[in-house]
Every structure is written in structure tokens, then in C-alpha cells.
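Below are the chains, spelled out letter by letter.
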Amino acid sequence: MSFFIENWVLIAVAFVSGALLVWPAVKSGGRTGTLNANDAVALMNRQKAVVIDMSDAKEFAEGHIVGAKNLPLDELEAKLPGAVKNKALPVIFVCPNGARANRAVAVAKKLGYENAQSLTGGMGAWRTAGLPVEKA
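Residues numbered from 1 in each chain as written. Predicted model: local features only at pLDDT ≥ 70, side-chain atom pairs only at ≥ 80, totals over all residues. Heavy atoms only, no water.

J.: Explain the nonpolar core to me, please; I cannot follow it from the model alone.
T.: Nonpolar side chains in soluble globular proteins tend to end up buried together. Formed by 16 residues in total, the largest nonpolar core has its most connected members in Ile52, Met54, Leu76, Leu80, Val84, Phe93 and Tyr113. Broken down by secondary-structure element, the contributors of at least two residues to this core are strand S1 (50-53), helix H5 (76-83), strand S4 (91-94) and helix H6 (99-110). For this core, the element with the highest residue contribution is H6, accounting for 4 residues. (Core = buried A, V, L, I, M, F, W, Y, C linked by side-chain atoms within 4.5 Å. Buried < 20%, exposed > 50% of the residue type's maximum accessible area, 1.4 Å probe, protein only. Helix = DSSP H or I, 4+ residues; strand = E, 2+ residues; numbered from the N terminus.)

Encoded structure:
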């Protein structure tokens, strides 16, 4: 017990540093995107990954990844099998910040798309990486 009393400052520093390491996962609900922008480009070029943009029509028109298909989250379960017929292909879900895309991954995996992933940081990360954006 005397150890804790004599070293309370060190224990506090250890607790705070641990909390700061865990904070990003807590903030995102434990589900962060699985791909950074460069990995997504590599997956698109090497394995012909299909990009599904979860944005609403207005957000999609303001800018999206070149070649992306627009499927809002509320329509995903009904329209994904028609948009991506080959369940073996990698599917990359994108939205403005990554939150909807993470939910879409869960829906896609439930439908049998085991290679479904989301873009970490969404379109914001894509633009920050300086990658091309297409407007509709």
C-alpha cells in the first residue's frame, strides 16, 4: 500500500498514457476503418476492388472516388447483391468520415462479402492524401 502512496504520480502518468492510447478506439466505437487511402488504391489496382460510396446523393455529387458506385446505407442490403455480383471481389466502403462505411462492412459481411473493408477517415482521408476525386 505504501508503494501506491509514494508513487502516485507515476501511477497517474501510466494511467493517463494508457487512456490516451485507448481513446481513438473508444471514440470511434471500437470500429475503425481497415484501409488507409494508399492501401485502398493498391487494392483497387491489383485486385479490381469495387468501391461503394455510402454518401447521400448530394454528398456523392460533391465528390467521390473515381469509379465508385453510390449506395446509401439504407438501401445497401437490398441493392448490394445487384451492384457487386461476385462476392469474392474485395469491396471498399467509403463515406464522408468513415462512420457509415463501418456499419456497411457489417451489413456486407452478413450478406457473405468476406472481403469487405472500409476506408479509414473516409473521403476526408482520400482528399488529404491528394488522390483524385470525381464530381457527378
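J.: Could you clarify how one ought to interpret the packing of aromatic side chains in this entry?
T.: Centre-to-centre distance and the angle between the planes together describe a pair of aromatic rings. Counted under the stated rule, the structure contains 1 aromatic pair. Ring centres 5.7 Å apart and planes at 75° place the aromatic pair phenylalanine 3 and phenylalanine 4 in the edge-to-face group. (Phe/Tyr/Trp six-rings, centres within 6.5 Å; stacked < 30°, edge-to-face > 60°.)

J.: I tried to follow the domain arrangement of the protein on my own but got confused; where do I start?
T.: Interfaces are often sized by the amount of accessible area the parts lose when they come together. Examined at the domain level, the protein breaks down into domain 1 (1-30) and domain 2 (32-134). Each of domain 1 and domain 2 has a C-alpha centre, and the two are 36 Å apart. (Domains from an automatic or database assignment.)

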